[in-house]
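Structural overview for review
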Amino acid sequence: MSNAIDRKTALHVGKLARLELTDAQADASAKHLASILSYVDQLAEVEVPEDIEPFFGATESVNAVRDDEVRPSMDRETILRNAPDSDGEFYRVPPVFG
Amino acid sequence: MNTNTQISAADREAVTAAEVTTIIGLEVHVQLQTKSKLFCGCSTLFGQEPNTQTCPVCTGMPGSLPVLNKQALKLSIKTGLALNCEIAKHTKWDRKNYFYPDLPKGYQISQLDQPICGVGYLDISDSDGAFEPKRVEIERAHLEEDAGKSSHDESGRGGKSKIDLNRTGTPLLEIVTRPDMRSAAEAKAFLQSLKMILTYIEVSDCNMQEGSLRCDGNINLHINVGGQKIATPIVEIKNMNSFRAAERALDYEVKRQLAEWKETGGTIEGAPKRTFGWDDQAEVTIAQREKEEAADYRYFPDPDLIAVVTTDEQIDAIREEIGTLPSRLRNDLVREHQLSEYDANVLVNQGRGVVDYFLSVAKTCDNSKLAINWVNQEVLRHLNETNSAIDQYPIGSDGMGDLLKRITDGDLDQTRGKDVLSAMMEDSIDAAAAIEKLGIRQVDSSELDSLCQQLLDANPKVVAQVQEGKVKALGALVGQARKINPNVNPGTLQANLRKMLGVDG
Amino acid sequence: MASSIECLLSLVNQNKMEISKLSASQIVSHIAAGELTATDCTQHFLNEIERKDPTLNSYLHVAKESAIETAQQIDARRSAGESLGALAGLPVAVKDGICTKGIRTTAASKMLENFVPPFDATIVQKLTDADAIVIGKTNLDEFAMGSSTENSAFGATKNPWNTDCVPGGSSGGSAACVGADLAPVSIGSDTGGSIRQPAAFCGVTGLKPTYGRVSRFGLIAFASSLDQIGPFTRTAQDAALTMNVIGGHCERDSTSAREDLPDFSSKLDQSLSGVRIGICKEHFESGLPDDIRKSMDESISVLKSLGATTVEISLPHSKYGIAAYYVIASSEASGNLARYDGVRYTMRFEADNLNKMYGLTRTEGFGDEVRRRIMLGTYALSSGYYDAYYVKASKVRRLIKNDYTKAFESCDVILGPTAPSTAFKFGEHTTDPLTMYLADIFTVTANLAGLPGISIPCGFSDGMPIGLQLQGKSFDEATLLQIAHQFQQQTDWHSRRPQA
Ligand SMILES: [Zn+2]
């Protein structure tokens, strides 16, 4: 599976994850990915019977729901307090295309 | 190598509209009418101050966790049932991963492979016969959370974007059709019909201005060139913010795609889906800036949420609540209330509130014909003039029923009835008080007799005509009678005149 | 005059000495009986922290003022005759990956260096409702990713038994502070062994409850389907006391179990006669150091002497545990950590366009190991690899869970070493992250299956503690605590303290 982990792959994955990697970081990342994937590839050798469904969550109970009731929101000042940039009303971010 | 190289520009140019089939599928996002958000208790009210309807959950704060609003699930099932969809007994939640500042968690909680609603359909038709009645298949409808709103600096100076997370987490049902529509008119009819159903079953207010109903379209053309079938590249059109815009955008796109194909010969093979936006001002579709990377949403089951299991009993109970859907309602009104197709259509198109109003009025006055005339004329005219909804109409269905009952019983004629209605609206009073105020009273028999005598004395010509057998001539006396005494009932008056002239029966 | 002051001082000193020796259960009963004030107790731990923690770095934040203030209120309420909660006056240290209202919560990441949550985690709420005192926030591997706390953005925590050694991780600060008597109880979280492994390394008792037993609301997620909060204590009895407070259904956590919460203390004194202990043969295969093997054998003898029987069991798929774990945990983490984007509550690296801001913020804000796992998880979920990695790992996870189900047909608990070694030296595993991952080899399977596990001290190797792990059936923490308590009645490993 993990035959072709190169700088290009690392840069692509980095882009998906919004990690800005330098070429050196990308190379290091590719090396690590290749190493861990070569370990993880042992999963391929596990024979899984057809009737085995993946176990995605650690609980298989169902139906955790709540009633449609409005609870007080948090006041804006509290919500915005942790923001690196806000004008007191909005969060502010750099433009999409700067 | 591929088909387009075999078709010359001249052959392309020669293609006529008759050889072009338009293929349209729609993706409709509907905001469900819950009080609180899908996964937290914040209010879903529209138009509040920015970032005042947020909490740790809907701002994706570290440590916060989602808990499903059961009403959102119920409204989704209700919609699915109204659209003849299969309802999933077992449904789960998936994360759709992408980065955008109005998506606080960096993923949207949605449903990938187990949507709450499976395959269904909606029948559409056009009263003007623009297209043959047809069935549009629904592929699926899934529940997901809405994103917030970004407002960008439009000045071109690269100013910062502002993010408001009030809308974040509002429940959205995404309804996806199969590519079954063959014209913009069909797409528009689908949207109108869908909106009517959704408002009838009270799952959404479908207010397009407020974004409660948003529509994207996927469109391409199948072109027959000398027996060869060519498909143009699929384009997704966004930002169709009204039914009119949807119709015009799709119409425009048909022409644009045909022109583009004639020019370039480009076909669907190897062409990625492109995204265009509809510019309502310029009336054109505009290609949107392509993303650097093809989208890879890396869906996986959301481990913060657990599956939802719905029983047949629960589904049946929701089905019970749906009541009669518009198409069925039209038939019922024609069959059980003897309305004309036209009247039934007008009424139903006004929405459930108006239909319920009519049904209540008709029941109180026991006169469907009178009720439909008054509702479709008096009531609807007022609603149109004041641009208001039926629940804002000043006269309740009881009051209207009471008024029309008096007309049915012959206590009032329709003309006086309208005076009474005006008085009721002006002074916020009931029919009895309005009648009192207008001085309308029953004319007693001696008063009637003397009025009749007065009329007969003053109109020898009419008397003569009647005696010659032209009983209808008496109608001419009604106007005169009402000038003398506006309370006189035309029917009673004529009957009395006939009796006095001995032409009874 | 002078002598009376000396007398008073000696009393105070004596008091201090005593507090260090007291278990949490004893502290709570002394305070309830009026023999110790919450203020003195809290002050004692604050003094100890001030004295020892500059070396250990187990705390990222000490809540001095608020802790003393709360302690004084509790003392005042007690004097006024008010009824107090089950943990009244007990100082508790909380892992800094758990949200505390108004107290900076960093998850040991530069990314959250200035994040002050406007809400309490459910367990913090439950602790304060029970009148426990949050004394501080403890160090961890950044976002709980690691097995040594070397991945903390704010410096590693040192092992109180040997400061050249790691305390384990990711809840290394929580383990070290209890191990060094800087808190009688602390709270950690366990995703692949992050409570049990540091408990073993620091010579304390650490319980990872059944998935869903303790609310995750307010726990900064690493891998949502694996994370579980639990206590570090000196004794199993203290763990039971703490679990009685922090356990139970929470309506803000959809994965929270709706099972009734038992009284975890009620079964502690029951005899082990008839208890069947499964010995997992895979845990004793090649590579286990002799000292650890020997401690296991001795521990088994102790438990047998108490009436327990043993049976060999097998968890054939456990050898794939680490591989499945790294795929699943990293995949979930890649999603869970997407929210750290420089917009709402994190540090931001300013840039003139959005994507640049995202990229720089996330690259600067996350440490190496966090970035590595995000890369792995993103890759494993990406188009074309999802089935081979995420789905396959989740199927193997099912097989592992099924192995446990089968094993528990013939036994009540499964015994084995908590970790394949004792605490290792700083830097020993940092060059090859994969060798670090293998530190969790005996613990990850319980997380994958959602089962409870406990680590208790059971011996020493070269002066470093060895941990004994007991894994139990779903929602059967009570049996784990019972066996651990009975073991601690017969042994004194849990009472040994490192040199100050
Ligand atoms: Zn909210």
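Residues numbered from 1 in each chain as written. Chains lettered and ligands numbered in written order. Predicted model: local features only at pLDDT ≥ 70, side-chain atom pairs only at ≥ 80, totals over all residues. Heavy atoms only, no water.

Focus on the overall build of chain B
For the record, the criterion: Secondary structure elements are taken from DSSP: a helix is a run of H or I of four residues or more, a strand is a run of E of two residues or more, and numbering for both begins at the N terminus. Each radius of gyration reported is based on C-alpha atoms, and the globular scaling rule is 2.2 Å times the count of residues to the power 0.38. The contact rule is simple, with two residues in contact once any of their heavy atoms fall within 4.5 Å. All accessible-area figures derive from a Shrake-Rupley calculation using a 1.4 Å probe, and residue coverage is judged against the displayed protein chains alone. As used throughout, the charge tally considers Lys and Arg to be positive and Asp and Glu to be negative, leaving His and the chain termini uncounted. A single reference atom marks each charge: NZ on Lys, CZ on Arg, CG on Asp, CD on Glu.
A count of helices and strands for chain B gives 17 helices and 17 strands. The C-alpha atoms of chain B give 31 Å as radius of gyration, which overshoots the globular expectation for 505 residues (23 Å, by more than 25%). Projected onto its principal axes, the C-alpha coordinates of chain B cover approximately 100 × 65 × 55 Å. Counting contacts in chain B only where the partners sit at least 6 residues apart, residues at least 24 apart contribute 69% of the total. Here chain B has roughly 23100 Å² of accessible surface; of this, 47% comes from carbon and sulfur atoms. The positive charge centre, built from 57 side chains, and the negative charge centre, built from 74, are 1 Å apart in chain B.

Comments concerning the overall build of chain C
Heads up, the condition is: Per-residue accessibility, obtained with a 1.4 Å probe over protein chains only, is compared with the maximum for each type, and a residue is labelled buried under 20%, exposed over 50%, and partly exposed between these values.
Broken down by element type, chain C carries 16 helices and 11 strands. What you see for chain C is a C-alpha radius of gyration of 22 Å, in line with the 23 Å of a compact globule of 500 residues. Referenced to the eigenvectors of the C-alpha coordinate spread, the extents of chain C come out at roughly 80 × 65 × 45 Å. Buried residues in chain C amount to 66% of all 500 residues. Here the contacts in chain C between residues at least 6 apart in sequence split such that 76% fall between residues at least 24 apart.

Some words on the coordination of the zinc ion
All names here are of chain B. What counts is decided by this rule: Donor criterion used throughout: N, O or S atom within 2.8 Å of the metal, extended to 3.2 Å for Na, K and Ca. Water excluded; incomplete-looking sites may result. Under this scheme a four-donor centre is tetrahedral when all angles range from 85 to 135 degrees, a four-donor centre is square planar and a six-donor centre octahedral when opposite donors are above 155 degrees with the rest from 65 to 115, and any other centre is irregular.
Ligation of the zinc ion by protein atoms is provided by C40 (SG), C42 (SG), C55 (SG) and C58 (SG), these donors lying 2.3 to 2.4 Å from the ion. In this structure, the zinc ion is coordinated by four donor atoms arranged in tetrahedral fashion, with angles at the metal of 100 to 115°. Here the donor residues for the zinc ion map to a single chain with the spacing C-x1-C-x12-C-x2-C. The residues C55 and C58 share a single accessibility class, namely buried.

Some points on the packing of helix α11 (residues 397-408) of chain B against helix α12 (residues 414-427) of chain B
When two helices pack together, their arrangement is given by the angle between the helix axes and by the axis-to-axis distance. All names here are of chain B. Put simply, the rule reads: Axis lines are fitted through C-alpha atoms, for helices just across the contact stretch, and the angle between N-to-C directions can take any value from 0 to 180 degrees. Oblique is the label for every angle not falling under 35 degrees (roughly parallel), over 145 degrees (roughly antiparallel), or within 65 to 115 degrees (roughly perpendicular). Left-handed describes a crossing in which the near helix is turned anticlockwise from the far one by less than a right angle; the clockwise case is right-handed. Asp, Glu, Lys and Arg are counted as charged, while Ala, Val, Leu, Ile, Met, Phe, Trp, Tyr, Cys and Pro are counted as nonpolar; the rest, among them Gly, fall into the polar class.
Look at α11 against α12: their axes get within 10 Å of each other, and the N-to-C directions meet at 155°. By the angle class used here, α11 and α12 are roughly antiparallel. Crossing handedness for the pair α11 and α12: right-handed. Facing G399, M400, L403 and I407 of α11, the residues of α12 in contact are Q414, G417, V420, L421 and M424. Partitioned by chemical class, the residues of the contact of α11 with α12 number six nonpolar, three polar and no charged.

A short note on the interface of chain B and chain A
The condition is simple: Buried area: the accessible surface (1.4 Å probe) lost by two parts on joining, summed over both. Any Lys or Arg side-chain nitrogen located within 4 Å of an Asp or Glu carboxyl oxygen qualifies as a salt bridge.
Each side of the interface is counted separately: chain B has 47 residues, and chain A has 34 residues. Carbon and sulfur atoms supply 60% of the area buried between chain B and chain A, which totals about 3600 Å² over both sides. Across the contact surface, chain B and chain A share four salt bridges. A salt bridge links D67 of chain A to K70 of chain B, with the shortest nitrogen-to-oxygen separation between them at 2.7 Å. Breaking the side of chain B that touches chain A down by element, the ones donating at least two residues are β2 (68-69), α3 (70-82), β9 (161-164) and β17 (308-309) of chain B. Here the side of chain B that touches chain A takes four residues from β9 of chain B, the largest share from any one element.

Let's talk about the side chain of S148 of chain C
Looking at the element boundaries, S148 of chain C is found in the loop between β3 (133-138) and α6 (172-179). Sequence-distant contacts of S148 of chain C, defined by excluding residues within four places in its chain, comprise D141, V166, P167, G168, G169, F424 and M436 of chain C.

Thoughts on the interface of chain A and chain C
Counted only if it meets this: N or O atoms closer than or at 3.5 Å make up a polar contact, with two conditions inside protein: a donor-capable atom paired with an acceptor-capable one, and, for residues adjacent in sequence, both atoms drawn from side chains.
Taken residue by residue, the interface counts 59 residues in chain A and 70 residues in chain C. Across the interface of chain A and chain C, roughly 5300 Å² is buried in total on both sides, 67% from carbon and sulfur atoms. Our count for the chain A to chain C interface comes out at four salt bridges. Here K356 of chain C and E20 of chain A are joined by a salt bridge, their closest N and O atoms 3.4 Å apart. At the junction of chain A and chain C, the tally comes to 22 residue pairs in polar contact (both at pLDDT 80 or more). Here the element with the most residues in the side of chain A that touches chain C is helix α2 (residues 23-40) of chain A; it accounts for nine residues. Looking at side-chain class alone, the side of chain A that touches chain C contains 34 nonpolar, 15 polar and 10 charged residues.

Describing helix α1 (residues 7-16) of chain A
Because an α-helix packs 3.6 residues into every turn, residues spaced three or four apart end up facing the same way. What counts here: The directions from the helix axis to the C-beta atoms form the arc being described.
Here α1 of chain A has its buried residues at T9, A10, V13, G14 and L16 of chain A. Relative to the axis of α1 of chain A, the buried residues are bounded by an arc of 155° and lie together on one face. Against α2 of chain A together with α12 (368-381) of chain C lie the buried residues of α1 of chain A. In the segment just after α1 of chain A, R18 of chain A is the residue with positive phi, at about 55°.

Digging into the sheet that holds β3 of chain C
All names here are of chain C. What counts here: In this description, strands pair whenever DSSP reports at least two bridges between them.
The strand order β1-β3-β2-β4-β6-β5-β10-β11-β9-β7-β8 describes an open sheet built from 11 strands, whose pairing is mixed. Two strands in the sheet have a free side with no partner beyond their single neighbour: β1 (59-62) and β8 (309-313). Each adjacent strand pair in this sheet contributes to an overall mean axis angle of 30°, direction not counted. Along the sheet face, helix α9 (residues 290-305) touches β7 (276-280), β8, β9 (413-417), β10 (453-461) and β11 (464-472) and points at about 55° away from the line of β11.

Describing the sheet that holds β9 of chain B
The antiparallel open sheet is built from three strands, whose spatial order is β2(A)-β9(B)-β8(B). Pairing within the sheet leaves two strands with one partner each, and these edge strands are β2 (91-93) of chain A together with β8 (149-151) of chain B. For this sheet, the mean angle separating the axes of adjacent strands, direction not counted, is 30°. Bridge count between β8 of chain B and β9 of chain B: three bridges; the pairing is antiparallel. Within β9 of chain B, the position partnered with S151 of chain B by the bridge is K162 of chain B.

Focus: the environment of Y320 of chain C
Looking at the element boundaries, Y320 of chain C is found in the loop between β8 and α10 (321-336). Note on Y320 of chain C: relative accessible area 7%, which makes it buried. Note: C-alpha distance between Y320 of chain C and S271 of chain C (49 residues apart in sequence) is 36 Å. Discounting residues that sit within four places of it in the chain, Y320 of chain C has contacts with Q42, L43, E45 and V46 of chain A together with V396 and I400 of chain C.

A closer look at the domain arrangement of chain B
The line we're drawing: Where each domain begins and ends is defined by an automated method or by a domain database.
With domains assigned, chain B is organised as domain 1 (4-309), domain 2 (324-438) and domain 3 (445-501). A separation of 68 Å is found between the C-alpha centroids of domain 1 of chain B and domain 3 of chain B.

Some thoughts on helix α17 (residues 490-501) of chain B
All names here are of chain B. Put simply, the rule is: By this rule, a helix spans an expected 1.5 Å times one less than how many residues it contains.
With 12 residues, α17 should cover 16 Å at 1.5 Å per step; its first-to-last C-alpha distance of 16 Å lies within 8% of that length. Buried-residue contacts for α17 involve α14 (445-458), α15 (460-467) and α16 (475-484). Once α17 finishes, G502 follows within two positions and takes phi at roughly 70°, a positive value.

Focus: the nonpolar core
This is how the line gets drawn: Here the nonpolar core consists of buried residues drawn from Ala, Val, Leu, Ile, Met, Phe, Trp, Tyr and Cys, with membership extended through side-chain atoms lying within 4.5 Å.
Counting residues in hydrophobic clusters, the biggest one holds 97 residues, and the most contacted among them are L43 of chain A together with F143, Y340, F366, Y404 and I414 of chain C. The element contributing the most residues to this core is α10 of chain C, with nine residues. With near-sequence residues (within four places) excluded, F366 of chain C lies in contact with L19 of chain A together with M111, E142, F143, L337, Y340, T361, R371 and I374 of chain C.

A few points about unusual backbone geometry
Geometrically, the link from G169 of chain C to S170 of chain C is a cis peptide bond, its omega value of 10° lying close to zero. Of note, S170 of chain C is situated in the loop between β3 and α6. For E202 of chain B, which is not glycine, the phi torsion reads 55° and is therefore positive. Turning to its location among the elements, E202 of chain B is positioned in the loop between α4 (184-200) and β11 (213-225).

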